[in-house]
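# A structural walkthrough
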Amino acid sequence: MRKLVSSFSIERRYSLNDKFIARVYFVFVVLYVFLSGFVFIEPSPAEIMFTIMAPMMLIGFSTTWRIMILFLLLFVPMTISAYFGIIQGFFNLRFFTIDTYLFIFFFVLSSLGFHVKKIVNKDHLLSSLMKAWAVAGAVNIMAGLFAYVTGRTTLLGTEIIRFGIRLKGFFKDPNVLGPFLIPAGIYYLYMFFKEREKSIQHLLLFIFFSGGVILTFSRAAWLNLFFSMLFLIFGLIGEPRSRGKIAGFFVIVLILLMIFFQVSTQINILGVNLYDFFINRTGLKSYDTGRFSAQKEFVDIMNYSVLSLFFGVGPGNYENFSRMATHSLFARYIGERGLIGISTFVVFLVLVSRYALKSSYRKFFIPVLIGQLVNSFFIDSLHWRHLWLLIVISIL
């Protein structure tokens, strides 16, 4: 029977070089997950750490055809679109650099992950990652609650509350904090259904992170949470031992919602009534018209020229047509990469889903990825660090 040593759960039979790479990878990815919860400055602490530690992670670097194909499906269309964008008079160095960084980040972490997954115990790795994710999410939520109670909406020079009482935390936008909190919440809901021990603790953690999502008042994040939760339950409903918990879970959710709507009418935060603000956020807003118009601009981009139809106008150039943020990953992708780019991206997503389905944690990964992609129809998530982290760990 194989013996495991240290908190990294590394098997003895591997070489010192393999163990070193595994330890570096383990430390890096756990720290990166945690630091991904603090992106109020650019470059973020996570990017700085990646730049510093990259040389160590490239020692003995190797990859697989699987990862190479996934990387090329992202990188080649981006590069081609940038080239044809320049021909058409468009080039955005900032977004070209960001896209390049994220795709290389995906390539490096996925390649190393495949190298060390036979050395590092995956259960321990995922547990450690989600703990780091949860701690980062909890810091953001607690900062928001502190702001609500004290009225100090700025911490460490960062605006924690924005647009009334929307929790932003250490992100630039509530619409990003919300989706960041969801994987941690869904993970603990998954653990609530799967494990007999610490069931109450796991359920309370899910409620805590879901509460944080609600306080971002991001409608896309609410949809994200709903679909992730729905697909998780759908995937587990066939397991006999989960059925009783599922029924109890729905009763608890119903009771909590009734309590929320009853109590929220009496709660005022920073001079704003919680119930009124919540109800106000459930409907269409005046600025939604502008967002929908911006999302439709991909049609004009495709009609701009034959080159833009097939290859797009290059990374970061969508706003040259829409004059505002895209608010849709898929609209941005088809506008900036064209028909060829969106086709390769669909293939990329299909392959990621196929690999995630082979994971022993597929009933956690698939619902989380589905929720993030639903969110991405209404929010441009291409540059979310946590989305690429999810993709990396789901295909290992």
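This structure is a prediction, so every number in the text was calculated from the model and none was measured. (Residues numbered from 1 in each chain as written. Predicted model: local features only at pLDDT ≥ 70, side-chain atom pairs only at ≥ 80, totals over all residues. Heavy atoms only, no water.)

### A look at the overall build of the protein
Counting its regular elements, the protein contains 17 helices and 8 strands. For 396 residues, the compact-globule estimate of 2.2 N^0.38 gives 21 Å, and the C-alpha radius of gyration of the protein, at 22 Å, lies within 12% of that figure. Out of the 396 residues in the protein, the part that is buried amounts to 55%. Across the protein, the fraction of contacts at a sequence separation of at least 24, relative to all contacts at a separation of at least 6, is 72%. Total accessible area on the protein stands at roughly 17,700 Å², and carbon and sulfur atoms take up 69% of it. If you average the places of the 36 positive and of the 18 negative side-chain charges in the protein, the two averages end up 9 Å apart. (Helix = DSSP H or I, 4+ residues; strand = E, 2+ residues; numbered from the N terminus. Rg over C-alpha atoms; globule rule 2.2 N^0.38 Å. Buried < 20%, exposed > 50% of the residue type's maximum accessible area, 1.4 Å probe, protein only. Contact = heavy atoms within 4.5 Å. Areas by Shrake-Rupley, 256 points an atom, 1.4 Å probe, with all protein chains shown as cover. Lys, Arg positive; Asp, Glu negative; His and termini not counted. Charge placed at Lys NZ, Arg CZ, Asp CG, Glu CD.)

### With respect to the pattern of salt bridges
Following the criterion strictly, the structure yields 8 salt bridges and no others. The closest approach of N and O atoms between R337 and D99, which form a salt bridge, is 2.9 Å. With a gap of 238 residues between them, R337 in helix 15 (residues 329–357) and D99 in helix 4 (residues 93–116) connect regions that are remote in the sequence. Under the relative-accessibility criterion, R337 is labelled buried at 1%. (Salt bridge = Lys/Arg side-chain N within 4 Å of Asp/Glu carboxyl O.)

### Describing helix 6 (residues 174–194)
The terminal C-alpha atoms of helix 6, which comprises 21 residues, lie 31 Å apart, in line with the 30 Å expected from a rise of 1.5 Å per residue. One side-chain oxygen of the residue at the start of helix 6 lies 2.7 Å from the amide nitrogen of N175, identifying that residue as D173. (Expected span 1.5 Å × (residues − 1). Polar contact = N/O pair within 3.5 Å; in protein donor to acceptor, adjacent residues only side chain to side chain.)

### Focus: the nonpolar core
Within the largest apolar cluster, 121 residues are counted, with the highest numbers of intra-cluster contacts made by F28, F348 and W388. At 14 residues, helix 6 tops the list of elements feeding residues into this core. Here F348 is in contact with L70, L73, L74, F106, W388 and I391, once residues within four sequence places are set aside. (Core = buried A, V, L, I, M, F, W, Y, C linked by side-chain atoms within 4.5 Å.)

### Here's the deal with the confidence of the model for the protein
For the protein, per-residue confidence averages 88 on the pLDDT scale, and residues scoring 70 or more make up 95% of the total. Strand 1 (residues 4–5) is the least confidently modelled element of the protein, averaging 36 in pLDDT, while helix 3 (residues 65–87) averages 96, the highest of any element. Counted against residues more than four places away or in other chains, residues 1–12, with its pLDDT under 50, gives 32 contacts. (pLDDT = per-residue confidence, 0-100.)

### Here we look at helix 3
Along its 23 residues, helix 3 runs 32 Å from first to last C-alpha, staying within 8% of the 33 Å computed at 1.5 Å per residue. A maximum bend of about 30 degrees is found in helix 3 at L72. Buried within helix 3 are the following residues: I67, L70, F71, L73, L74, P77, M78, S81, A82, F84 and G85. Here the buried face of helix 3 lies against helix 4, helix 13 (306–311), helix 15 and helix 17 (385–395). (Bend = angle between axes of the 7 residues up to and from the residue.)

### Structural notes on unusual backbone geometry
Look at the link from E42 to P43: it is a cis peptide, with omega at -5 degrees. Turning to its location among the elements, P43 is positioned in the loop between helix 1 (16–35) and helix 2 (45–57). Unlike most non-glycine residues, H327 shows phi in positive territory, near 60 degrees. The residue H327 is located in the loop between helix 14 (319–322) and helix 15 in this model. Using a relative accessible area of 15% as the deciding quantity, one classes H327 as buried.

### Side note on the packing of aromatic side chains
By the definition in use, this model includes 46 aromatic pairs. Ring centres of W222 and F278 lie 5.0 Å apart, and the angle between their planes is 35 degrees; on these two criteria the pair is classed as tilted. Of the two residues, W222 sits in helix 8 (residues 219–236) while F278 sits in helix 10 (residues 274–281), which places them 56 residues apart along the sequence. Connected via pairs of aromatic rings, a cluster forms that spans F103, F106, F330, Y333, F345, F348, F377 and W388. The ring of Y355 is capped by R66, whose NZ or CZ atom sits 3.9 Å from the centre of that ring. (Phe/Tyr/Trp six-rings, centres within 6.5 Å; stacked < 30°, edge-to-face > 60°. Lys NZ or Arg CZ within 6 Å of the ring centre and 35° of its normal.)

### Examining the environment of S359
Mapping S359 onto the fold places it in the loop between helix 15 and helix 16 (362–376). Contact partners of S359, with chain neighbours within four places excluded, come to K122, F365 and S394.

### Describing the packing of helix 6 against helix 7 (residues 199–216)
Helix-helix packing is described using two parameters, namely the angle between the two axes and the distance between the axes. Packing of helix 6 against helix 7 leaves a shortest axis separation of 8 Å and a crossing angle of 165 degrees. Compared by their axis directions, helix 6 and helix 7 come out roughly antiparallel. When you trace helix 6 past helix 7, the crossing you get is left-handed. On helix 7, the residues that touch P174, L177, G178, L181, I182, A184, G185, I186, Y188, L189, M191 and F192 of helix 6 are S199, H202, L203, L205, F206, F209, G212, V213 and T216. Here the residues of the contact of helix 6 with helix 7 are counted per class, giving 15 nonpolar, 6 polar and no charged. (Axes fitted to C-alpha atoms, helices over the stretch in contact; angles between N-to-C directions. Parallel < 35°, antiparallel > 145°, perpendicular 65-115°, else oblique. Left-handed = near helix turned anticlockwise from the far one by under 90°. Nonpolar A, V, L, I, M, F, W, Y, C, P; charged D, E, K, R; others polar.)

### Remarks on the side chain of S128
Inspection of the secondary structure puts S128 in helix 5 (residues 122–150). Since its relative accessible area comes to 14%, S128 is described here as buried. The contacts of S128, once residues within four sequence positions are left out, are F26 and V30.

### As for a nonpolar patch on the surface
Among the surface-exposed residues, V251, I252, I255, L256, I259, V263 and I267 lie close enough to one another that they form a single nonpolar patch of about 530 Å² accessible area. Of note, I255 is situated in helix 9 (residues 240–263). Take I255: its relative accessible area is 44%, and that puts it in the partly exposed class. (Patch = residues over 30% accessible without salt bridge, like charges linked within 9 Å, V, L, I, M, F, W, Y side chains within 5 Å.)

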